[in-house]
Amino acid sequence: AALRETTAAFMLLVAGWNSSCTANASRPLCLCDPMCGSGTIPIEAALIAADVAPGLIRYRSSGERQQPSILKWPDMDAQQWEELLDRAQQRDRRPAMNSPLHGAFILANDCHEGSLRLAAQSAGLAGVKEMIRFSCGDVDQLADK
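Read on for a plain summary of the structure. Just so it is clear, the structure is predicted and the values come from calculations on it, not from any experiment. (Residues numbered from 1 in each chain as written. Predicted model: local features only at pLDDT ≥ 70, side-chain atom pairs only at ≥ 80, totals over all residues. Heavy atoms only, no water.)

Bringing the overall build of the protein into the picture now. Scanning the protein for helices and strands turns up 6 helices and 3 strands. Along the chain direction, N to C, the helices and strands of the protein fall in the order α-β-α-α-α-α-β-α-β. Relative to its full complement of 145 residues, the protein shows a buried share of 36%. Within the protein, contacts between residues separated by at least 24 positions form 75% of all contacts whose residues are at least 6 apart in sequence. A total accessible area of about 9,400 Å² is found for the protein, and carbon and sulfur atoms account for 54% of it. (Helix = DSSP H or I, 4+ residues; strand = E, 2+ residues; numbered from the N terminus. Buried < 20%, exposed > 50% of the residue type's maximum accessible area, 1.4 Å probe, protein only. Contact = heavy atoms within 4.5 Å. Areas by Shrake-Rupley, 256 points an atom, 1.4 Å probe, with all protein chains shown as cover.)

Further remarks concern the sheet that holds strand β1 (residues 30-33). The sheet built from 3 strands is open, its strands ordered β1-β2-β3 with parallel pairing. One side of each edge strand has no neighbouring strand; the edge strands of this open sheet are β1 and β3 (132-136). Ignoring strand direction, the axes of neighbouring strands in this sheet form an average angle of 15°. Summarising the sheet, β1 and strand β2 (residues 105-110) pair through 4 bridges and their orientation is parallel. What sits directly across from Cys30, in β2, is Phe105. Along the sheet, helix α2 (residues 40-49) contacts β1, β2 and β3; its crossing angle with β1, the most-contacted strand, is approximately 160°. (Pairing = 2+ DSSP bridges. Axes fitted to C-alpha atoms, helices over the stretch in contact; angles between N-to-C directions.)

By the element assignment, Leu12 lies in helix α1 (residues 5-14). Linking Leu12 and Ile48, residues 36 residues apart in sequence, is a C-alpha distance of 8.7 Å. Setting aside its immediate chain neighbours within four residues, Leu12 contacts Trp17, Leu31, Ile41, Glu44, Ala45 and Ile48.

The subject of this paragraph is a nonpolar patch on the surface. Side chains of Leu3, Phe10, Met11 and Val14 sit close together on the surface and give an oily, nonpolar patch of about 390 Å² of accessible area. Tracing the backbone shows Met11 in helix α1. By relative accessible area, Met11 is classed as partly exposed at 41%. (Patch = residues over 30% accessible without salt bridge, like charges linked within 9 Å, V, L, I, M, F, W, Y side chains within 5 Å. Salt bridge = Lys/Arg side-chain N within 4 Å of Asp/Glu carboxyl O.)

One number sums up the size of the largest pocket: a volume of about 730 Å³. Residue lining of the largest pocket: 26 residues in total, with Glu5, Glu44, Leu47, Pro54 and Gly55 positioned closest to the centre. With 5 residues, the single largest contributor to the lining of the largest pocket is α2. (1 Å grid on protein atoms, 1.4 Å probe; cavity = no way out; pocket = protein on both sides within 12 Å on 5 of 7 lines; lining within 4 Å. Points joined across faces, edges and corners; volume = space filled by probe spheres on them.)

Before going further, it helps to spend a moment on the pairing of β3. Pairing between β2 and β3: 5 bridges, direction parallel. What sits directly across from Asn109, in β3, is Ser135. Remark: the β2/helix α6 (residues 113-126)/β3 crossover connection has right-handed handedness. (Right-handed = clockwise from strand over helix to strand, strands pointing away.)

Turning to the pattern of salt bridges, a few remarks are in order. Applying the stated criterion to the full structure yields 2 salt bridges. For Asp51, the salt bridge is made with Arg91, and the minimal N-O distance between the two is 2.9 Å. A residue pair is termed long-range when its members are at least 10 positions apart, and Asp51 in the loop between α2 and α3 (56-59) and Arg91 in helix α4 (residues 78-91) qualify at 40 residues. In this structure, the salt-bridge partner of Arg94 is Asp92, at a minimum N-O distance of 2.5 Å. The same class applies to Arg94 and to Asp92, which are both buried.

Structural measurements only, silent on function.
Rendered as structure tokens:
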């Protein structure tokens with residue numbers, strides 16, 4: 001079964017993964033998902049490392065913006081919502097971190113090539129593909145790579 005993004009993000013946060021995981025260049029954190037499937041955990045790890053606010057991709061994508069239900073509430077200020085989105089956009093470090101030389105060290109492995117293609121495609125849509133190193137192989141051979 002697929003892993004929900006919120007569950008993956010929760011697991012990572014409980015494990016201590018956060019947006020400052022790459023702040024200490026002398027000892028950057030590494031995440032390895034040896035059976036990544038569709039890549040939910042590595043993608044969420046990259047988004048957290050890049051300080052991407054939850055829902056930012058949904059509400060500030062390059063295409064049409066999806067209007068959140070909260071804007072239908074009578075007491076919700078649409079201008080305040082836009083200001084919050086602007087602040088979240090300013091914190092987004094994906095452009096600076098989306099390269100193998102910067103950002104977190106995230107490994108995603110799976111023995112199924114179709115799953116890896118899906119994971120890489122999803123990482124691309126999330127804007128974090130270059131932050132993740134994808135490999136195809138058996139778990140028992142992962143240490144040799």
